[in-house]
2 protein chains.
Amino acid sequence: MKSKDKVTIYDISKRLNISAATVSRALNHNPKISEKTRELVAKTAKEMNYKQNRLAQALKQGRTNNVGVIVPYINRSFFSSVIRGIEEELTPHGYHIIICQSHEEAENEAEQINALLSTQIDGIFMSVSKTTQKTDHIQKVLQEHTPLVFFDRKIDVPGVSSVVLDDFRAGYIATEHLIKEGCRKIAHLSGDINLEIYKNRYEGYIKALKDYHIDFIPNYVIEVNSKIESGMQAINELWKLNEKPDAIFSAGDYAALGAMQELRARKIKVPEEVCVVGFSNEPFTKYMELPITSMDQTPQEMGKIAAQVFLEQVKKNSTLSIEKKVVLPPELLIRESSSRKIHNLSDAS
Amino acid sequence: MKSKDKVTIYDISKRLNISAATVSRALNHNPKISEKTRELVAKTAKEMNYKQNRLAQALKQGRTNNVGVIVPYINRSFFSSVIRGIEEELTPHGYHIIICQSHEEAENEAEQINALLSTQIDGIFMSVSKTTQKTDHIQKVLQEHTPLVFFDRKIDVPGVSSVVLDDFRAGYIATEHLIKEGCRKIAHLSGDINLEIYKNRYEGYIKALKDYHIDFIPNYVIEVNSKIESGMQAINELWKLNEKPDAIFSAGDYAALGAMQELRARKIKVPEEVCVVGFSNEPFTKYMELPITSMDQTPQEMGKIAAQVFLEQVKKNSTLSIEKKVVLPPELLIRESSSRKIHNLSDAS
DNA sequence: TTGTACGCGTTATCAT
DNA sequence: ATGATAACGCGTACAA
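Along each chain, residues carry numbers from 1 onward, in the same order as the chain's sequence is written. Working convention: letters from A go to chains and numbers from 1 go to ligands, in the order in which they are written. Owing to the predicted nature of the model, reporting of local features is limited to residues with pLDDT of at least 70; listing and counting of side-chain atom pairs is limited to 80 or more, with chain, interface and lining totals taken over all residues. The side-chain values count all of the structure's non-hydrogen atoms but skip hydrogen atoms and water molecules.

Within an unreviewed UniProt entry, the label attached to chain A reads LacI family transcriptional regulator, and the organism entered is Christiangramia crocea.

Novice: I would appreciate a short explanation of the packing of aromatic side chains in the present structure.
Specialist: Given two aromatic rings, one states the distance between the centres and the angle between the planes to describe the pair. Residue and element names in this part refer to chain A. Two rings belonging to Phe, Tyr or Trp (six-membered ring only in the last case) form a pair when the distance between their centres is within 6.5 Å. Interplanar angles under 30 degrees mark stacking, angles over 60 mark edge-to-face geometry, and anything in between is tilted. As enumerated under the stated definition, the model contains 18 aromatic pairs over all chains in all. In textbook terms, an aromatic cluster arises when at least three aromatic residues are bridged by ring pairs, as seen for Tyr95, Phe125 and Phe310. Only lysine NZ and arginine CZ atoms are considered, and such an atom sits over a ring when it is within 6 Å of the ring centre and within 35 degrees of the ring normal. Sitting above the plane of the Phe279 ring, Arg201 keeps its charged end 3.6 Å from the centroid.

Novice: I would appreciate a short explanation of the protein's contact with DNA strand D in the present structure.
Specialist: Nearness is judged by heavy atoms alone; a residue qualifies as near a molecule or strand once a single heavy atom is within 4 Å of it. Close to DNA strand D lie 26 residues; Thr22 and Arg25 of chain A together with Ile9, Ser24 and Tyr50 of chain B are nearest. Across the atoms of DNA strand D situated within 4 Å of the protein, the share located in sugar and phosphate is 62%. Side-chain polar atom of Arg25 of chain A to a base nitrogen of DNA strand D: 2.6 Å apart, as the coordinates give it. Take Ser34 of chain A: an N or O atom from its main chain is 3.2 Å from a phosphate oxygen of DNA strand D. In this description a helix means any DSSP run of H or I spanning at least four residues, a strand means any run of E spanning at least two, and both kinds are numbered starting from the N terminus. Elements with a contribution of two residues or more to the surface near DNA strand D: helix 2 (20–27) and helix 4 (54–61) of chain A together with helix 1 (9–16), helix 2 (20–27) and helix 4 (54–61) of chain B. At four residues, the largest contribution of residues to the surface near DNA strand D is made by helix 4 of chain B. Think of it as three bins: nonpolar holds Ala, Val, Leu, Ile, Met, Phe, Trp, Tyr, Cys and Pro, charged holds Asp, Glu, Lys and Arg, and polar takes everything else, Gly as well. Considering only residue class, the surface near DNA strand D consists of nine nonpolar, 12 polar and five charged. Identification of polar contacts relies on pairs of N or O atoms within 3.5 Å, with a donor-acceptor requirement for protein atoms, meaning one able to donate a hydrogen and the other able to accept it, and with residues adjacent in sequence counted only if both atoms are side-chain atoms.

Novice: Even after reading the chapter, I still don't get the relation of the copies chain B and chain A, so can you show me in this structure?
Specialist: Copies of the same chain, two in number, are related to each other by a rotation about an axis and a translation along it. You can overlay chain B on chain A at an RMSD of 0.1 Å; the transform is a turn of 180° with a shift of 0.0 Å along its axis. The symmetry that links the two subunits is that of a two-fold axis. It only takes one pair of heavy atoms within 4.5 Å for two residues to be counted as in contact. When the interface residues of chain B are mapped onto chain A, 100% of them again fall at the interface, so both copies present the same face. Superposing the copies works by least squares over the C-alpha atoms of residues that have pLDDT at least 70 in both of them.

Novice: What is the right way to look at the interface of chain B and chain A in this model?
Specialist: How big an interface is tends to be stated in terms of accessible area lost as the parts join. Contacts between the two partners involve 53 residues from chain B and, on the opposite side, 53 residues from chain A. Once two parts are put together, the accessible area they lose, assessed with a 1.4 Å probe and summed over both, is termed the buried area. Summing the contributions of chain B and of chain A, the shared interface buries around 5,300 Å²; its carbon and sulfur component is 56%. Its largest share of buried area at the contact with chain A, chain B owes to Leu55, Tyr287 and Glu289 of chain B, together 14% of the area lost on that side. By salt bridge we mean one thing: a side-chain nitrogen of Lys or Arg within 4 Å of a carboxyl oxygen of Asp or Glu. Where chain B packs against chain A, one counts six salt bridges. A salt bridge links Lys6 of chain B to Glu144 of chain A, with the nearest nitrogen and oxygen atoms 3.8 Å apart. Connecting chain B to chain A are 16 residue pairs in polar contact (both at pLDDT 80 or more). Only helix 4, helix 5 (77–90), strand 2 (96–101), helix 6 (106–118), helix 7 (136–143), helix 11 (253–265) and helix 12 (283–287) of chain B provide two or more residues apiece to the side of chain B that touches chain A. Here the side of chain B that touches chain A is composed, by residue class, of 22 nonpolar, 20 polar and 11 charged.

Novice: Can you walk me through the protein's contact with DNA strand C in this structure?
Specialist: Around DNA strand C, the structure places 26 residues, and the nearest of them are Ser24 and Tyr50 of chain A together with Thr22, Arg25 and Lys60 of chain B. Restricting attention to atoms of DNA strand C within 4 Å of the protein, one finds that 62% of them are sugar or phosphate atoms. Here Gln52 of chain A contributes a side-chain N or O atom positioned 3.1 Å from a phosphate oxygen of DNA strand C. Contact distances for DNA strand C include 3.1 Å between a phosphate oxygen and a backbone N or O atom of Ser34 of chain B. Broken down by secondary-structure element, the contributors of at least two residues to the surface near DNA strand C are helix 1 (9–16), helix 2 and helix 4 of chain A together with helix 2 and helix 4 of chain B. The residue inventory of the surface near DNA strand C, partitioned by class, reads nine nonpolar, 11 polar and six charged.

Novice: I tried to follow helix 8 (residues 167–180) of chain B on my own but got confused; where do I start?
Specialist: All names here are of chain B. Each helix should span, by expectation, one fewer than its residue count multiplied by 1.5 Å. Over its 14 residues, helix 8 extends 20 Å from the first C-alpha to the last, a length consistent with the 20 Å expected when each residue adds 1.5 Å. Three labels apply to residues, based on accessible area from a 1.4 Å probe with only protein chains included: buried if under 20% of the type maximum, exposed if over 50%, partly exposed otherwise in between. Helix 8 sits mainly inside the fold: 10 of its 14 residues count as buried. Residues of helix 8 that are buried include every one of Asp167, Ala170, Gly171, Tyr172, Ala174, Thr175, Glu176, His177, Leu178 and Ile179, and no others. Within two residues after helix 8, Gly182 carries a phi angle of roughly 100°, on the positive side.

Novice: What am I meant to see in the environment of Val82 of chain B here?
Specialist: Considering the arrangement of structural elements, one finds Val82 of chain B in helix 5. By relative accessible area, which is 0% here, Val82 of chain B ends up buried.

Novice: Any chance you could explain the pairing of strand 8 (residues 247–250) of chain B here in plain terms?
Specialist: If a strand is regular, its side chains alternate between the two faces of the sheet. Residues and elements named next belong to chain B. Residues Ala247 and Phe249 line one face of strand 8 and the alternating positions Ile248 and Ser250 line the opposite face, and both faces are buried. Inspection of the sheet shows strand 6 (residues 186–190) paired to strand 8 by four bridges, in the parallel sense. Bridging from a neighbouring strand, Ala187 pairs with Ile248 of strand 8. DSSP bridges decide pairing: two strands pair if at least two such bridges lie between them. Taken together, the three bridges between strand 8 and strand 9 (residues 275–277) define a ladder with parallel strand orientation. Residue pairing for strand 9: Ala247 is matched across the bridge by Cys275. By the criterion used throughout, a crossover qualifies as right-handed when its path from the first strand across the helix to the second strand runs clockwise, the strands pointing away from the viewer. You can see the chain leave strand 8, run along helix 11 and come back into strand 9, and the turn it takes is right-handed.

Now the structure itself:
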C-alpha cells in the first residue's frame, strides 16, 4: 500500500531521466518531440498508471472544461431531458456537466451561480426559477465574461443568449386546435404569468380567440401550479360558472391530468363534452388509457441547441459576448383527449 | 471594459497594502487575524467583487469538493430522483455534482471514470451499466483511494460500498401479493439476469412460488427490456401457451405497461382475469385510469443514503476504504391492476 | 498579529 | 529535440 500518492509527470521524468517538460510535451503530442521518446513516455505513463491532473492544467490554462447547468428540479422529465441533450452535445468536446437545482428559489439560484463561478466553470446553462425577479446575479456572470445560455425559461438580459420554445405560437396552436374541434368555450389553466413562458402561452390563447372572433371570458382563466390537485381545483372553480367550458387548454400536463381526473369524477366525458390539451408532453400523457393531447417542446433537442450556442460562443473567443436568440417551434401531439373526429387523428405518438 | 481579469487575493492585498497571506487568512476566518483587518478585507473583497478560485484552492488542498455520478441515463425518473437525493444531501456540505451518462455501455463507463479521476473528484457514485462485466476500471478508482459508492445496480468488488434495494425480497413480495390475490399461474417478465437486480427479483419470484407450493413453469419467464413493446411481445408469447397465465409480475414498469396495453387489446380484463404488477413506481403507473401496482424503490432516499455513506467515508480519512452495504426495503404500492378485492386497497398513493 | 517563501501539477517561454 | 524556470491562485509553515 505504498502508492497512495498520485503519479505526476515528475515521477515519470525521474524514472526516465528526462525533464518533466519533455514528458508534458510528449504527452501532449508536441511535434517537436522525437517519436522514440514520445512512445517511451506514453508506455511508462501507462505502466505507472499516470493520469493527468486536469486541475493543475485548468489552473494553468484558465479553463476547466466544466460547465454548469442550473434547473429548478432535476427529476422532471423536461429538465432531465434537456440536460441529457446538453450532455450529449458537449461530452464529445471534452466538457463535463455540473448540475445544480434552484428548487424554484431565486436565492438558491444566486448561490449556485456564485459557487459555479468560483469553480471556474467555462459556461452556465440555466432555466430561471419562478421566483427570480432581479438580475444582479446574472450581471455577475456577465462581468466575468462567462458565457451564459438561458433555455426554456429566460429573463431578458442584454448580452445573454437563449434557446426557448415559441410559447406564444404554442398557445395559439393549442387554442386553434380546440376551436377547430368545435369548441367555443375554452378555458385556460395558466401558469404563473411572471414567467415569460406562461405569459406567452396565455397571450397566444388570447390571440387565437380573437382571430376566431370568440369572446374572451376572464373567468375562464385560472392560475394553477404544476400539481395535479390544482388542476382538479380549477375544474371545481370553472364548474361553478353558469356557462361551463367545453374545452380546457392547460399550460402544464399535471394540471391537465388533474382536470381530467376531476372531469371523470363528475362523469363529464372527454373529449365528447370537454376537450383537454396539456403542455410539455410528459411521458404519462401518452401512456394513459385516454391519452392527453400535449405540446411537445423537444427538450433533448433544446439542450443540444443550447450546447451548440455555447460552443459557438467559446469558439470565437471574442471578449464581448454574442447574443443569440433561438426560438424552437412547438409541436402539438394530438391524442384522444381532444380528438372528436377520431379518424382524423393526425398523430398519437 | 478593463476588468476582464478575475480579481485575486493579490489584488486585494495591493489595494490594502497588506500581504496576500493576510488576505487569505482573513477570508478563511483564521482566528489569528484581527477583527479590524478581517472586516476590512471582507468589505473590500466584496467591493472588488472577489471570488475565490476554488481551482487553485483545490490544487493546493488536494480535494475539489466535486463528486461524480455515473448513471446509464439521466432522464429516467428513477435515476434523476436518486441524483436529486444525492444533490440535496451533499450540497449543504459544499459539494457539487458532476453527472455522466454511460448509455448502458461499459466502455463509456470506463471513459467517464477516467475523466472523473483526472478532474480529481472526491468521490464517485455509480449505477453500473447492463454491459459491465469486467472490473478493471473499478480497480483504478480503488487504487487512487477515491471513495466509490454503488447504488441500485452494483457489482461485487471488495472494498466498495453500496446502497441497493432488497430486490430478492421485492420479487418475493410482489409474487406473494399476486398469490394472495388468488393467482396461481404467475408469469414473470424478467430483465437481463446479468444484472444482479434482475437476478434477485427473479429469484425472489421463484422462492415465493416454492413457499406457496406452486409449480415453477419455465415458459412463464420471458426476458424483456425496458421498452413498452417488449411487454406487448411478452404477452404475445405467453398467450401462445396452452395454459395462459393469470398474473404478470414484471421487473420493469414499461414492460408492465406494454403488457397491460396488449391485454386490453385482447379484451382481457385487468385485474379480473389477469393481475399485473410492475416495478419502479414510474410516475405514469399511478396516473393511469387503471393504475398499475408497482414496487417503490424510494430513489430519492436511496440517493441520500448513498451520499451519507460517502460522507462517512471521507470523515474518517482513513487510508483504507471502509465497505458498507446498505440494503433498502422495497415497498409495494398496491393499485387497481392487481387488486381484486378493491375494498381492501391498502394504498393508492 | 502579520509577512515571507514555498509548493500543489501543469504548461509555456526561453535557452541550449 | 530537450532542459531549466516561471507562472497560474491559493494556503500554510515558518519567521518576525
